[in-house]
Amino acid sequence: AQSVTQLGSHVSVSEGALVLLRCNYSSSVPPYLFWYVQYPNQGLQLLLKYTSAATLVKGINGFEAEFKKSETSFHLTKPSAHMSDAAEYFCAVRVQTGANNLFFGTGTRLTVIP
Amino acid sequence: DAGVTQSPTHLIKTRGQHVTLRCSPISGHKSVSWYQQVLGQGPQFIFQYYEKEERGRGNFPDRFSARQFPNYSSELNVNALLLGDSALYLCASSPGPTGYEQYFGPGTRLTVT
């Protein structure tokens, strides 16, 4: 079985500060991992994905994430928060073979304080 | 290129009614997946279709059904609506059967009263 746990349902940072959103996964087989962002009243937009190539993955809008197998983590970071980063962020996992669906975490709402 | 489109954007139904939600994938994508997102939670997988065949089904009751058409568009049907079916229903498309990279539509907000 596979799942993800997002630590912290709400995170607040000041504009210009580091953004760190935590995600830990559970998977009995090598996983693919994803981060999605959801703005109010919109669907999900893919930020970045890990597919067993480089462990440090760079995505859109200055976000990146590092796959750490020893810690079963895939935390999302951004060096400097912008007001436009305020949104809901979801971590998701799927296995590399078999079922094709994504398993999502419960989400982290990011607030950026001016 | 147009992204994934869904219709309607919003709808309100009464308990016991039936609803049909529609999704058009990105041009060239042959796989469509449906997810339910209840307020305050992450999306939960309902179905995946590829080339008009069901490839996967989540833990949802038989009141939920779907199909995919020759043009790869898809419908999600929910019968005997319950209050708990109120949610944002998301459609995602991907090029091939693995659903490796899924692109989401804006969703349909269903309210059951």
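Every value quoted in this text rests on a predicted model; they were computed, and no experiment measured them.

**With respect to the state of the cysteines**
Inspection of the entire model under this criterion finds two disulfides over all chains. Disulfide pairing places Cys23(A) opposite Cys91(A) at an S-S distance of 2.0 Å. Because the torsion about its S-S bond is -65°, the bridge between Cys23(A) and Cys91(A) counts as left-handed. In this pair, Cys23(A) is assigned in strand 3 (residues 19-26) and Cys91(A) in strand 9 (residues 87-95), connecting sequence segments 68 residues apart. Since its relative accessible area comes to 0%, Cys91(A) is described here as buried. Here Cys23(B) is linked by a disulfide to Cys91(B), with a sulfur-sulfur distance of 1.8 Å. The disulfide joining Cys23(B) to Cys91(B) has a torsion of about -60° about its S-S bond and is therefore left-handed. Of the two residues, Cys23(B) sits in strand 3 (residues 19-24) while Cys91(B) sits in strand 9 (residues 87-94), which places them 68 residues apart along the sequence. When its relative accessible area of 3% is taken as the criterion, Cys23(B) is described as buried.

**Considerations on the layout of surface pockets**
Taken as a whole, the largest pocket holds about 350 Å³ of empty space. Lining the largest pocket are 20 residues; nearest its centre among them are Gln38(A), Glu88(A), Arg109(A), Gln37(B) and Leu39(B). Per-element accounting of the lining of the largest pocket gives the leading share, three residues, to strand 9 of chain A. Here the lining of the largest pocket is built from residues that sort into seven nonpolar, 10 polar and three charged. Along the wall of the second largest pocket there are 16 residues; nearest its centre are Leu102(A), Phe103(A), Pro43(B), Gln44(B) and Phe45(B). Those elements that provide at least two residues to the lining of the second largest pocket are strand 1 (3-7) and strand 10 (103-104) of chain A together with strand 5 (44-50) of chain B.

**As for the nonpolar core**
Counting 26 residues, the largest nonpolar core has Trp35(A), Leu48(A), Phe74(A), Leu76(A) and Tyr89(A) as the members making the most contacts within it. Leave out the neighbours within four places in its chain, and Leu76(A) touches Val19(A), Leu20(A), Leu21(A), Trp35(A), Leu47(A), Leu48(A), Phe63(A), Glu64(A), Ala65(A) and Tyr89(A). Ranked by size, the runner-up nonpolar core spans 22 residues in total, among them Val19(B), Ile26(B), Trp34(B) and Ala66(B).

**Details of the sheet that holds strand 8 (residues 73-78) of chain A**
All names here are of chain A. Strand order in this open sheet of five strands is 1-3-8-7-6, and the pairing throughout is antiparallel. Edge positions in the sheet fall to strand 1 and strand 6 (56-58), since each of these pairs with one other strand and no more. Adjacent strand axes in the sheet meet at a mean angle of 20°, parallel and antiparallel pairs treated alike. Bridging between strand 1 and strand 3 involves five bridges; their strand directions are antiparallel. Across the sheet, residue Ser3 finds its bridge partner in strand 3, namely Ser26.

**Overview of the side chain of His75(A)**
Residues and elements named next belong to chain A. With respect to the helices, strands and loops of the structure, His75 is situated in strand 8. Take His75: its relative accessible area is 19%, and that puts it in the buried class. There is a polar contact of 2.9 Å between the side chain of His75 and the backbone nitrogen of Cys23. In this structure His75 touches Leu20, Leu21, Arg22, Cys23, Asn24, Trp35, Glu64, Ala65 and Glu66, once residues within four positions along its chain are discounted.

Definitions and limits used
Residues numbered from 1 in each chain as written. Chains lettered and ligands numbered in written order. Predicted model: local features only at pLDDT ≥ 70, side-chain atom pairs only at ≥ 80, totals over all residues. Heavy atoms only, no water. Disulfide = S-S within 2.5 Å. Helix = DSSP H or I, 4+ residues; strand = E, 2+ residues; numbered from the N terminus. Buried < 20%, exposed > 50% of the residue type's maximum accessible area, 1.4 Å probe, protein only. 1 Å grid on protein atoms, 1.4 Å probe; cavity = no way out; pocket = protein on both sides within 12 Å on 5 of 7 lines; lining within 4 Å. Points joined across faces, edges and corners; volume = space filled by probe spheres on them. Nonpolar A, V, L, I, M, F, W, Y, C, P; charged D, E, K, R; others polar. Core = buried A, V, L, I, M, F, W, Y, C linked by side-chain atoms within 4.5 Å. Contact = heavy atoms within 4.5 Å. Pairing = 2+ DSSP bridges. Axes fitted to C-alpha atoms, helices over the stretch in contact; angles between N-to-C directions. Polar contact = N/O pair within 3.5 Å; in protein donor to acceptor, adjacent residues only side chain to side chain.

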